[in-house]
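# Structure at a glance
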Amino acid sequence: MNEPMIVFDHVRKDYGKVNVIKDLNFHVKNGEKVTIIGPSGSGKSTVLRILMTLTDISDGVIWVDGEPLWHERRGDNLVPAGERHLRQMRTQMGMVFQHFNLFPHMSVLRNLTEAPRVVLGLSRREAHERAEELLEMVGLQEHAKKFPGQLSGGQQQRVGIARALAMRPRIMLFDEPTSALDPEIVEEVLTVIRQLAHEHDLTMLMVTHEMRFASEISDRVCFFDDGNICEEGPPEKIFNNPEEERTRQFLSAVLSND
C-alpha cells in the first residue's frame with residue numbers, strides 16, 4: 001500500500017502555446033482512491049487522458065508500477081516509448097469516459113468480450129463468463145443481448161464500467177462519469193463506483209463534480225487549478241477546512257449549487 005502505483009515526475013503538457021499541465025509532481029499509492037476536483041480547464045481530465053495514453057506529454061516522466069509509461073528503458077537511458085510498449089502499459093488501466101464510448105454496433109455482451117478476446121487472448125467461453133459475471137455485478141445481466149442505443153444513459157455508463165473491468169486492470173480511471181447523465185439516474189452509477197471503491201483492491205483516480213460522493217469514497221482529494229495541484233489532503237480537510245483561498249472560493253461556488 002505504501003509503494004506508489006502512479007508517479008508524475010515534473011510532467012508538462014502543452015497544446016501549442018497553451019500550457020495545460022505545469023511541472024506536475026503527483027503520486028497515487030497502490031490501492032489508494034484519489035479524486036481530482038477543480039474548475040473546468042484546470043487540466044484534470046488531461047491527467048487521466050495522459051495516463052490512458054490518449055494524450056502524450058511534452059516533458060517529464062510518468063511511472064506506473066515502477067515502469068515508465070511514455071518512455072521505455074534502453075540500457076541506462078529512457079527513450080520515447082514505441083506503440084508496443086504503450087499497448088502493454090495500457091492493459092494495466094481501465095477508463096470510464098464521460099460519454100460512455102461504447103461500440104454502438106456491438107451488443108452489450110460483445111462490448112465486454114471484444115477486448116479480452118483480442119488483446120488478452122481469452123477464449124470465447126472465458127470472455128463470456130467474465131462478461132456475465134461483471135454484468136451481474138452492475139445489475140445488467142438481462143440486457144446482455146441489447147445494443148447501447150436501447151439502454152438509458154445510466155445503463156450505458158454501467159456497461160462502460162463493466163467493460164473497463166473486463167480487462168482486469170489494476171488501475172481504474174473515471175473521467176466525470178456522471179456529468180452526462182440526468183440527475184435522477186446519477187445515483188445508480190455512483191452505487192457501482194462506490195462498490196468498487198469499498199470492496200475491491202483497485203487503485204482509483206477519479207475526476208468528478210460530485211463533491212459529496214468524492215468526500216465519501218476518497219482517501220485523498222486534490223484540488224487542481226491552472227495546470228497544477230493547488231491543495232491536497234484527506235477529504236475531511238479539503239472539504240471542511242481548506243488552507244488555500246482559491247480552494248475555498250471553488251468549493252463555495254460548487255457546493256452552493258449542489
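What counts and what doesn't
Residues numbered from 1 in each chain as written. Predicted model: local features only at pLDDT ≥ 70, side-chain atom pairs only at ≥ 80, totals over all residues. Heavy atoms only, no water. UniProt positions renumbered as here; feature names shortened; annotations may be inferred. Helix = DSSP H or I, 4+ residues; strand = E, 2+ residues; numbered from the N terminus. Buried < 20%, exposed > 50% of the residue type's maximum accessible area, 1.4 Å probe, protein only. Polar contact = N/O pair within 3.5 Å; in protein donor to acceptor, adjacent residues only side chain to side chain. Contact = heavy atoms within 4.5 Å. Salt bridge = Lys/Arg side-chain N within 4 Å of Asp/Glu carboxyl O. Axes fitted to C-alpha atoms, helices over the stretch in contact; angles between N-to-C directions. Parallel < 35°, antiparallel > 145°, perpendicular 65-115°, else oblique. Left-handed = near helix turned anticlockwise from the far one by under 90°. Nonpolar A, V, L, I, M, F, W, Y, C, P; charged D, E, K, R; others polar. Expected span 1.5 Å × (residues − 1). Arc of directions from axis to C-beta. Pairing = 2+ DSSP bridges.

Following the UniProt record, the feature "domain: ABC transporter" (unreviewed entry) maps to residues 6-251 here. The span residues 6-251 carries 36% helix and 28% strand; its end-to-end C-alpha distance comes to 26 Å.

With respect to the helices and strands, S42 occurs in the loop between β3 (33-37) and α1 (44-51). Overall, the relative accessible area of 2% leaves S42 in the buried class. For S42, the side chain forms a polar contact with the main-chain oxygen of P39, separated by 2.8 Å. The contact partners of S42, leaving out residues within four places of it in the chain, are V20, F224, D225, D226, G227 and N228.

This part takes up unusual backbone geometry. With a phi close to 50°, D65 is a non-glycine residue in the positive phi region. Along the chain, D65 turns up in the loop between β4 (59-64) and β5 (67-68). Unusually for a residue other than glycine, F100 sits at a positive phi of about 70°. By the secondary structure assignment, F100 is in the loop between β8 (93-96) and α3 (108-118). Note on F100: relative accessible area 15%, which makes it buried.

Attention now goes to the pattern of salt bridges. Under the criterion given, the structure shown has 18 salt bridges. Of the charged contacts in the structure, one is a salt bridge between R12 and D59, with a shortest N-O distance of 3.6 Å. Note that R12 is positioned in strand β1 (residues 4-15) and D59 in strand β4, a separation of 47 residues in sequence. What makes D59 partly exposed here is its relative accessible area of 42%. Between E231 and K237 there is a salt bridge; the shortest N-O distance is 3.0 Å. The exposure class of K237 is partly exposed, given its relative accessible area of 24%. The network of salt bridges with shared partners includes R12, D14 and D59.

Closest axis-to-axis distance for the α3/helix α5 (residues 153-165) pair is 8 Å, and the angle between their directions is 25°. Between α3 and α5, the interaxial angle falls into the category roughly parallel. In this structure, the crossing between α3 and α5 has a hand that is right-handed. Here V108, N111 and L112 of α3 lie close against α5, whose contacting residues are V159, A162 and R163. Of the residues that constitute the contact of α3 with α5, the class distribution is four nonpolar, one polar and one charged.

Helix length check: helix α9 (residues 245-256), at 12 residues, gives a terminal C-alpha distance of 16 Å against a target of 16 Å (1.5 Å per residue), a fit within 8%. Those residues of α9 that sit buried are T247, F250, L251 and V254. For α9, the arc enclosing every buried residue in end-on projection is 95°, short of the 170-degree limit, so these residues lie on one face. Among the structural elements, β3, α7 (211-217), β11 (220-225), β12 (228-233) and α8 (235-240) are those in contact with the buried residues of α9.

With that settled, the discussion passes to the sheet that holds strand β9 (residues 171-175). With mixed pairing, six strands are arranged side by side in an open sheet as β8-β9-β10-β3-β11-β12. Lying at the two open borders of the sheet, with one neighbouring strand each, are β8 and β12. Each strand of the sheet is rotated relative to its neighbour by a mean of 20°, with strand direction disregarded. Sitting on the sheet, α9 is in contact with β3, β11 and β12, with an inclination near 95° to β11.

Let us now look at the sheet that holds β1. Here we have four strands laid out as an open sheet, ordered β2-β1-β4-β5, and antiparallel in their pairing. Each end of this open sheet is capped by a strand with a single partner; those strands are β2 (18-29) and β5. As judged from the five bridges shared by β1 and β4, these two strands associate in the antiparallel manner. Following the sheet pairing, V7 is matched in β4 by W63. Sheet contacts for α1: β1, β2 and β4; angle to β1, the most-contacted strand, approximately 115°.

Attention shifts here to the packing of α3 against helix α4 (residues 124-137). Axis separation between α3 and α4 bottoms out at 9 Å; the angle between their running directions is 130°. With respect to α4, the element α3 is oriented oblique. Our pair here, α3 against α4, has a crossing hand that is right-handed. Counting all contacts with α3, which are made through V108, L109, L112, T113 and R117, the residues of α4 involved are R124, A127, H128, A131, L134 and L135. Here the contact of α3 with α4 is composed, by residue class, of seven nonpolar, two polar and two charged.

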